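Architecture at a glance
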Amino acid sequence: MRLQTTKLNFVVNFFLGVAWAFVLIGAVTSFLSFYQINLVLAVMSSVIAVLPGLLAVLILEHFITVQEQYVELKKQTDLLEKLLIAKEQDR
């Protein structure tokens, strides 16, 4: 995991694992429920059952990306401030 805060890292990893488990469980149970009736119906129901879990994965990955951007912007701001101070001292 790419996040710096250990507690936040643990929570996000846990929820990401739960979301992937929902994807897997939703796909398997939905497919097994309908495959005896019709294969096309089973595949379509699997796709529909996977969507909530994939949405949760997408939201969590977006959260991770935003946190990474925030940390990177903080680093860039610190570097720019150091450069500005160095430039003012050279005058």
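Further up the page is the structure itself.
Rules used in this analysis
- Residues numbered from 1 in each chain as written.
- Predicted model: local features only at pLDDT ≥ 70, side-chain atom pairs only at ≥ 80, totals over all residues.
- Heavy atoms only, no water.
- Helix = DSSP H or I, 4+ residues; strand = E, 2+ residues; numbered from the N terminus.
- Polar contact = N/O pair within 3.5 Å; in protein donor to acceptor, adjacent residues only side chain to side chain.
- Expected span 1.5 Å × (residues − 1).
- Bend = angle between axes of the 7 residues up to and from the residue.
- Buried < 20%, exposed > 50% of the residue type's maximum accessible area, 1.4 Å probe, protein only.
- Contact = heavy atoms within 4.5 Å.
- Phe/Tyr/Trp six-rings, centres within 6.5 Å; stacked < 30°, edge-to-face > 60°.
- Core = buried A, V, L, I, M, F, W, Y, C linked by side-chain atoms within 4.5 Å.

Let us now look at the side chain of Asn9. You can see Asn9 is positioned in helix α1 (residues 6–34). Engagement of the side chain of Asn9 in a polar contact is seen with the side chain of Asn13, the distance being 3.0 Å.

Turning next to helix α2 (residues 39–90). Counted at 1.5 Å a residue, the expected span for α2 with its 52 residues is 76 Å, and the 74 Å between its end C-alpha atoms agrees. Of all the bends in α2, the largest measures some 35° and sits at Leu51, one to four residues before the proline Pro52. Considered for burial, the residues of α2 that qualify are Ala42, Ser45, Ser46, Val50, Gly53, Val57, Leu60 and Ile64. Packed against the buried residues of α2 are α1. Of the residues that open α2, the one with a side-chain oxygen 3.3 Å from the backbone nitrogen of Val40 is Asn38.

Another point: the packing of aromatic side chains. This structure, assessed with the given rule, holds 2 aromatic pairs. Seen from their ring centres, Phe31 and Tyr35 are 6.0 Å apart, and the 10° between their planes marks the pair as stacked. Among the residues examined, Phe31 registers a relative accessible area of 29% and is labelled partly exposed.

Take the nonpolar core next. Among the nonpolar cores identified, the biggest contains 6 residues, and these are Val12, Leu16, Ala19, Val57, Leu60 and Ile64. Where this core is concerned, the elements lending two or more residues are α1 and α2.

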